[in-house]
Each structure stands twice: as structure tokens, then as C-alpha cells.
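So the chains spell out like this:
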Amino acid sequence: MSALSLSLVAGGAVVAAVPAHAATAGVGLGTFGDSSRKYAGTFKEEGYDLVCGEPGARYPTNALKNDGLYDNYNGVTGNTLAGINRVMSENAGTGDQVTAAALEYAVARTVDPNGALTAFGGARQSSYDAVINYDLYGRFGSGTVKAVQQKANELKQVIDTTVAGSGGSGFGQLNFALNPKNNYVGTVEMDGTPGSVGSITLSHGVFDDTGSNTRDNVQEGAVYGVRGVPDDNGVFYKITGEGDFTPPGQEGYAANIRVWLPTVAGQQRSLSAGEKAKPSPFHVTGFDPADRTTQFQPVLSTSAQTFVSKGQAFTDTVRFSTTEDATGLNNPWYRSPASGRALPIAAEGTVYGPFAQPVGSPSDSAPSDAPIAGHLKITTGDAGPDIEYTAQSTETAQAAGYYSYVWTIDASKQTAIARKYLPTNYSFTDKFGLAAESSTTPMRVTATTQVPAPVVPLSGVPADSAQVTTDGFWLKDGSGKNIPVTIRWDAWLDPRESGIEQVDAGQKPADATLLGTTTQTVTEPGQVKTPEGSALGFTVPAAVHGSIVWVASVRDADQGANADLIEEWSDAYGVPTEVQLIGQPTVTTKATPSSQKGLQISDTATVGGVMPATGAQLAFELYQVPMTQDANGVWQRDVADGAVSKVCEDPDNRIFSNIGRGARIAVTGIYTSPTVTASEHGTFLWVESLWSRPTKPGEKPQLITRGECGAPDETTVVVNVSTKASAVDGSSPVTPGSAIQDTASIVGAVPDGATVTFEAFRGEPGKAVCTPETLAWTSKTVALTAGYYTESRALQPTSGAFTPDASSNATQVWFVETVRDHNGQTIAKGDCGVPDETVALPPVPGAPGATPSPSSSTPAGVTPAAGAPSALAITGLDAGSMGPWIAGAVIAVLAGLTVAGVRLVRRRRSSEQLTD
């Protein structure tokens, strides 16, 4: 075999041959150094594992010389040579005999495909497997042969599919770029051998995408965002960096092998593994081209509380941020790199106002004469500008009006540390009059109220007035016009006429009902009043008792779009100056107390108090007390439960009514009912009533007041009283010294508690004079038994005996009886000088003149007579008794009220309906 070159260039470097040493046995099948038989496997030289490199040549039993690395062996180069390198590197030292034997056969067929077909001893074979079988079968058997064959084929497959590794070296540097708008922001790029990949470590900076100061898998030529991380209290700094990169190249087995040359002629060359291919890393550095600064310019914006009530503190919501300087630099808010806490910055606010109208267009500063209403302060915390801050003044809004806030950040008022991070003499002030930095204190419009009249009549128009004031500015709109305010008046109907307590309007009594509401719009302080007449829209009910309670208020619901500018207000319920008593008419009546059958009776009403605004209708009713006759012939009242008031509950007892046809009256005064003929004896009850006057079509009259049924002054009894004077002993003529008496016969209704009294007057014949001067005697009061008496069963009380003194000229005695009710009111009184009540006494010569000598005797018992006396003078009602009752009063004669032909006939009638 020809000798190879003793020196080769590998990887650009010269590898010199080294001195030879003796080879020793390795691992394989057979005995290394036995020339009589085939040895298949490895052997060692200088610590390397070798296989034979020349098929058919003798084993190198002598020393071998390391001839270095070959990148071309027997014309085998590149990937194939790298494959031999690979299988030698991975299998030569396994210690497995089969693997070591297969490795020799696989390498041999690769470096000398033809020579590898010659078996041991020079026998040519048809295949590589046949060579293995020839060499090994006789000693190791078929199992070993197959194992070596299979492994040799696998290794040959690896050789043929291996791709040689590549390596190389590179260079580069780190290039930093600084963002002039934000010094914390920038980039870094490794500029160097294309395709290089490595890692970078930053100082005073972090990568945007990792948040760390290191980054792996950095690609050459790629630009990466970085962010500055200054030192604590470091205003100026630079980001620096360094890194290690690997140039492009594939790691693997190099396309070379190590060749060992024999030192004895005729022995074969041997081979061992070559090199591993690996790129060579290189180091890079770099830094910022200029200093970075941490200085920033803090600014703020605010949102003031839109509405501030009087007495409430001013509140503003503050949001901090940063702004750019003249060069465009806008660094973020400084945070401590160690703690992450934001630098604290202090800001101060001033509240200007109040103003009567909105400020208008913003300006750079507040007017020099603008009033100051409050001050606010805020200092940012650890979160810096990331959160909102709420600032509140120690002062409170004192008056209604518009307010504007102005905020400042002044470097001179910051801490020493904070000033380091602000530009020299830095100052920020926002504008005066910004809409977002304005508050409004709603105006509080109140009213001092006073009803114009303490009393309002039924059906009348209630009224109220108010003095409107405000406790601050009357606010104006943007055009300078006063904002309109709507005053509401609620009129409440309270059933009480007095004792109305003053309470909060929201706590008004449950029985108060809303009568009506009216509003007035005002644009300035002053006097206002409710609309008059029909313009008010409601009136006092026609028939009701109680009071009108006014409540004045200012409500949001009435203000429309201006509701937020006007504070709600209400005065209390029951304020004394806000109460109008509902005036009531009063009616007092006095009926004809008694009458005789066939005469006229009537009732008289005195109307006083407060007349309804629309007038009234005065009506009268007359009821007859029904009577029944018992088994003894005695007449008794037919009244339920004995109560006379029940009479008027039964319309069948009514014998007269002009309800619906009564007189329409407009003023107070005295009014007389229509007259009614007393056609029966009995007890008659008058009831007066006052009704409202309808003012609208379809409206019905309402009852205002109605009299009491059975009231004494409203009771008329129809009785006839006849009397008969006579001597007690029945003698006629009466002789001097004889006792005389008077007997009354009463027919008709005698009320409970009625009495009769007899008086005797004495004088000269032909001249009947009944005066206190001629009064000679008065009987005791005789109680009468109440009831209903007829002519056949009259009540006949007697006066008792009276014995006149002898007289020479006063020879006549005139009896006068007086019937009174239980109140002492005269029901019937006899006339002076009636013949049947006159007793003639013969004169007594020599006796004194007529000097009355009153005396009395016990009256006789009062019992009903079997029949009415026939010769007594009739005494009836004293028509003159009505005169004193109405003396001095205004008598209003109701035209057309005399009811001719109305007779008190005892008959049943249906209830009359009220019509106008």
C-alpha cells in the first residue's frame, strides 16, 4: 500500500505527527496478533481505540505512528468521513465484542468497498455478509455471525446518513438608542456576525418583554425594547450591557478521522475517531450614547363636586399625570427602583367665589378681586398618578353661588428629594373657570308667609301671601338673567278649628286632605300672593268645618331644568300665620211659643257669624208631635223611646217644609219663616236649616247647618185657656168678706214643667186696670200635669181662695191667669177685665178706699174637668208677648213666605225632597 502524507491541514491548523508506540489488544472476536486466524475488533494505541484501515493487509502488531487528522482518506471525504468519525466515536469504546467486530467490517466497506469483499486469507466473496460469515462462522457459529452482520449493516446505515457538523467564530457590539421623548424608553441591538445568537445582561435597565435585566435567545440584528432603571436618588444614569453570542454553525462530527501509520512494512494503516465540530462563542459590550434623566413634570386635572350645599365642604377629585417639556421630553412619574413607590408630589387648590353667575370662558388666572371661599391640599401616595385623590376643604360653602377651583404644583413647596426630580423652578397652574373645576351651591329661596285674612267663608277663595327671600345670591344663568323659581302653595283642609299643632310638613296629620295647589314663578325677592278668584282654581267646600292650612314650598319637581340650582325648601304645617279658619254662619231661632187653635204660628231665625261667599238658602220645617189615646181616654205622646228629637226623624210627622224653596240670603240678619195656621191643638217642633247656594250647573245644595229637633225655643204649643171667677161657696152675688177664686180650663198641649199663676187686681167699676199698683193678690204657682187635653177632658186648675178686704169704692176684682213653660216663658195669659174673670163686690159704706191687701190661700187641686166651663171668659195667647223678643233687632220680612191656607191637619205625608 502507498504511504499517505504525514501532515494534513485540519480546520486551518497544521497537525504534526507524533512519535509511534506499540499497539495493544482492544475488544473483538478472535485473538489480536494471531496471524493465522481472522481478528475482528479494535485495538489500542496511545489510549485511542483503532480499527484496521486497509482491508486485506496484515494487522499492525507492531507500533503505530499517529499521523494526525485526515479530511480525505482513500478519497472518502465530507459527510461520509464524518459518518466514519461518528461510528468510531460512539462505538469503538463500548466493550462489546460483536459491536467492535461489526465496527471494523462497516468501516472497511466504506474506505475500500472492493477490498472489503476479500475474506481472511484472500478468498473473494460475493457480499459483505458472506465475508463476515466466511471469517467467523467456523469459530463462533451462526448466531454470532448474524449478530455481527446485523450490527455492521446498522453502522453502515449511520455512516451513510450522517451530516458533518460545522463550526466557526464571530464578532459584534451592543448598540443602545435613547428615546428623546421619554428617557426611560429605548432599544438595544447586537450588531455583529450575521446569524449569531446569544444572551445580554443589562445594568440600569430591563427588557420590555421580559421585565428582567437579562434576555436569552437574542438574535443578531434584532431590536429589543429596554427601559431604564436608575439608582435610588439618581437623577442621571446610563444603561450598559454585555453578552455572549455564538456564531452560526451546526454542532456535530467533523469530516475527519485520525490516521495511524504502521512502522513495519506490510502491516495495514489504522483509523481512530476524529474531532467534534462546534462554533466558537464571542463576547460583546455597549452603553447608552447619552445620559438618561429621571426628571419629570407633574400636572393634574380635577373634577369638582358639581353641587355643594350650604355648610358643606368643597370637594374635588384630583387626577395626576405628567407633561412634556419644551424639548418634547415627557418622562414618567419617578418611582423608587428599590421599593416601586412613586415620588410624593404636593398640590394646592384655591376655591374662588361665590359668583352670581357662571364664570364663563376660562382664563389663565383668577381676577384680582375674586373672593376666596376655601383651600384644598393633596399629596400623592405610593401609587403616584395611578389612582384618583379626593381633596376636601376645611372651609364650607357659606352662600349660594358659583365657585371655581384653581390648582397649582410648585417645586418650591416640595420636599428636598422631590425637588431633585423636578425641573428647576418648576410650576404648574391650571386655568380659572374650567367647567370641570366648578361647583355650584344651590340658592335657598325661602318665604315668610302670612294669610291676608284669618277667616275665609264657606265657598270662598282662600288666599296666602309670602315675602320671598334668598340667603345668598339670586343665581343667574349664563346670559346674566335671574333663574326663575317656582313657589308652590298647598292648601290643606284640616278638620280642626283650633289647636292645630305646628309640625314638619312631612308629618302633617293623617286626616288633613289636600284641597288644592297653586304655583307662582318669581325671579327676584319680593312679595307674592296666590291668585285671586277663579284663577286660584279651587274654593273652600260649601259645607265643611275646620281650617285651611297653607304650606309654602320650593320643590325640585316644579323647577324643571333649574332644579339642581335651587335647594328644596318647605315651611312647616300649622304655622299660625298660615292658617285660615273656615268661617261658619250661625243660626239662632225663636218660634212662636204658643198659639190658639186657628191662629198663625211662625219661626224666626237670627243668622249671624260668617256668611258663605255665595250666600245661602234658609229653610224651615215644622213637625207635629204624634199623640195616641190610651184605654182610659188619656192622650200620650207617640214618640220612640220617649225622646222628642225622634219626631223629626219620621217624615210622616212633618207638616210643613220649604227646603229647596227657602229664602236666598246674602247677609246676616233676622229672617222670619212662612206662617202656618194652627189648625189643631198639639205640640209643634220647628227645625231651621241653612243650605249652600249652587254656583255651577248640576251642582246640588249642601247642608251647612240644621237646628235641633225639640229645642225649647223651637217648640210651639197650641192651647186654649178659658177661666171663670166665682165665690168659693158658689154664692152670687158675692157678699163682702166672701172668699173668691178663679178656675182655668186648658185645652190643647200642656208641655212638661208647665205652671199656672193667678193674679187678682182691684179697682173701681168700669175701669179695669191691671198694674202693679192695683195688684191685690197673687196665687201660688200651680204645677200643671203635662199632656194633651180635649174639650171633653180639659185640665182645670184653680187659683185658691182670695178674700178681698171691704172697700167703699174699689168694688171690682179682675183675675188674670198666666201659663208658663218649664223655662218660665209665657205660654198663655188672660186679659185684664174679661167678664168671666171679673168679680163684683158690693161697696161697704164707711170702709176704706181701694187699698189692695194681698193675701193668698192654698190653691185647690188641679184636676181635669168632665166638661169645659161654659161661662168663663176666653183668654188666649198674648200677641204682644212677641214684641220684647225681637225689640231692637233687624226684622227681615221674607217676601212671599206667608203660606196661606196651611193648616195643621194630622195626616201622614211622604218625605219632601230638597230642590232649588
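Residues numbered from 1 in each chain as written. Predicted model: local features only at pLDDT ≥ 70, side-chain atom pairs only at ≥ 80, totals over all residues. Heavy atoms only, no water.

### Section: the overall build of the protein
Assigned secondary structure in the protein consists of 5 helices and 64 strands. Structurally, the protein occupies a C-alpha span of about 225 × 80 × 45 Å along its principal axes. Of all 916 residues assigned to the protein, the portion counted as buried reaches 46%. Restricting to contacts in the protein with at least 6 residues of sequence separation, those with at least 24 account for 75%. Per element, the accessible surface of the protein, about 40,900 Å² overall, is 50% carbon and sulfur. (Helix = DSSP H or I, 4+ residues; strand = E, 2+ residues; numbered from the N terminus. Buried < 20%, exposed > 50% of the residue type's maximum accessible area, 1.4 Å probe, protein only. Contact = heavy atoms within 4.5 Å. Areas by Shrake-Rupley, 256 points an atom, 1.4 Å probe, with all protein chains shown as cover.)

### Quick word on the nonpolar core
In terms of nonpolar packing, the biggest core is built from 59 residues, with Met443, Val485 and Ile665 touching the most fellow members. With 5 residues, strand 33 (residues 485–494) is the largest single contributor of residues to this core. Leave out the neighbours within four places in its chain, and Met443 touches Ala400, Thr470, Phe473, Trp474, Leu475, Ile483, Val485, Leu565, Ile566 and Glu567. With 48 residues, the next largest nonpolar core counts Val308, Val351, Ala411 and Tyr421 among its residues. (Core = buried A, V, L, I, M, F, W, Y, C linked by side-chain atoms within 4.5 Å.)

### Side note on the state of the cysteines
Applying the stated criterion across every chain, the model contains 2 disulfides. The disulfide bridge from Cys770 ends at Cys832, spanning 1.8 Å between sulfur atoms. Residues Cys770 and Cys832 are joined by a disulfide whose S-S torsion is about 80°; by sign, that bridge is right-handed. With Cys770 in the loop between strand 54 (755–763) and strand 55 (775–778) and Cys832 in the loop between strand 60 (826–829) and strand 61 (838–840), this residue pair connects regions lying 62 residues apart in the sequence. By relative accessible area, Cys770 is classed as partly exposed at 25%. (Disulfide = S-S within 2.5 Å.)

### Considerations on the confidence of the model for the protein
Overall, the predicted model of the protein reaches an average pLDDT of 88, with 90% of residues at or above 70. Between residues 1–20, whose pLDDT stays under 50, and residues either more than four places distant or in other chains, the model counts 39 contacts. Every residue in residues 853–916 scores below 50 in pLDDT, and together they form 170 contacts with partners more than four places removed in sequence or on other chains. (pLDDT = per-residue confidence, 0-100.)

### Comments concerning empty space enclosed by the protein
In the structure shown here, the tally under the stated rule is 3 cavities of 30 Å³ or more. The computed volume of the largest cavity comes to approximately 60 Å³. Taken together, Pro736, Gly737, Arg762, Pro804, Asp805, Ala806, Ser807, Ala810, Thr811, Leu841, Pro842 and Val844 make up the full set of residues lining the largest cavity. Class assignment for the residues of the lining of the largest cavity results in 7 nonpolar, 3 polar and 2 charged. (1 Å grid on protein atoms, 1.4 Å probe; cavity = no way out; pocket = protein on both sides within 12 Å on 5 of 7 lines; lining within 4 Å. Points joined across faces, edges and corners; volume = space filled by probe spheres on them. Nonpolar A, V, L, I, M, F, W, Y, C, P; charged D, E, K, R; others polar.)

### Topic: the pattern of salt bridges
Scanning all chains against the criterion turns up 24 salt bridges. Of the charged contacts in the structure, one is a salt bridge between Glu54 and Arg269, with a shortest N-O distance of 3.4 Å. Of this pair, Glu54 sits in the loop between strand 6 (48–52) and strand 7 (63–70) while Arg269 sits in the loop between strand 17 (257–262) and strand 18 (270–272); the two residues are 215 residues apart in sequence, bridging distant segments of the chain. Residues Glu54 and Arg269 agree in their burial class; the two are buried. With a closest N to O distance of 3.8 Å, Asp836 and Lys724 form a salt bridge. Separated by 112 residues along the polypeptide, Asp836 in the loop between strand 60 and strand 61 and Lys724 in strand 52 (residues 715–727) bring together distant segments of the chain. Relative accessible area serves as the criterion here: at 15%, Asp836 is assigned to the buried category. Judged by its relative accessible area of 31%, Lys724 falls in the partly exposed class. Taken together, the shared-partner salt bridges connect Arg488, Asp490, Arg555 and Asp558 into one network. (Salt bridge = Lys/Arg side-chain N within 4 Å of Asp/Glu carboxyl O.)

### Notes on the sheet that holds strand 10 (residues 197–203)
Spatially, the 4 strands line up as an open sheet ordered 12-10-15-20, and their pairing is antiparallel. Pairing within the sheet leaves two strands with one partner each, and these edge strands are strand 12 (214–219) and strand 20 (282–287). Averaged over all pairs of adjacent strands, the angle between strand axes in this sheet comes to 25°, irrespective of strand direction. In the sheet, strand 10 pairs with strand 15 (residues 240–246) via 7 bridges, with the strands oriented antiparallel. Within strand 15, the residue paired with Gly198 across the bridge is Phe245. (Pairing = 2+ DSSP bridges. Axes fitted to C-alpha atoms, helices over the stretch in contact; angles between N-to-C directions.)

### Topic: the packing of aromatic side chains
Describing an aromatic ring pair means giving the distance of the ring centres and the angle of the ring planes. One pass over the full model with this rule turns up 18 aromatic pairs. Here the aromatic rings of Phe32 and Tyr39 are separated by 5.5 Å at their centres, their planes lie at 70°, and the arrangement is edge-to-face. There is no split in this pair, since Phe32 and Tyr39 are both buried. Aromatic side chains Phe245 and Phe282 sit 6.2 Å apart centroid to centroid with 25° between the ring planes, which places their arrangement in the stacked category. Placement of the pair is Phe245 in strand 15 and Phe282 in strand 20, with a sequence separation of 37 residues. When its relative accessible area of 0% is taken as the criterion, Phe245 is described as buried. (Phe/Tyr/Trp six-rings, centres within 6.5 Å; stacked < 30°, edge-to-face > 60°.)

### Focus: helix 3 (residues 128–161)
The end-to-end C-alpha distance of helix 3 is 19 Å, clearly below the 50 Å that 34 residues give at a rise of 1.5 Å each. When the local axis directions of helix 3 are compared, the greatest deviation, roughly 135°, occurs at Phe140. Regarding helix 3, the residues found buried are Ala130, Val131, Ile132, Asp135, Leu136, Val145, Val148, Gln149, Ala152, Leu155, Lys156 and Ile159. (Expected span 1.5 Å × (residues − 1). Bend = angle between axes of the 7 residues up to and from the residue.)

### Comments concerning the packing of helix 1 (residues 78–91) against helix 2 (residues 97–111)
Between helix 1 and helix 2, the shortest axis-to-axis distance is 11 Å and the interhelical angle comes to 170°. Taken together, the axes of helix 1 and helix 2 are roughly antiparallel relative to one another. For the pair helix 1 and helix 2, contact is made by Thr80, Ile84, Val87, Met88 and Asn91 and by Thr99, Leu103, Val107, Thr110 and Val111, respectively. Grouping the constituent residues of the contact of helix 1 with helix 2 by class yields 6 nonpolar, 4 polar and no charged. (Parallel < 35°, antiparallel > 145°, perpendicular 65-115°, else oblique.)

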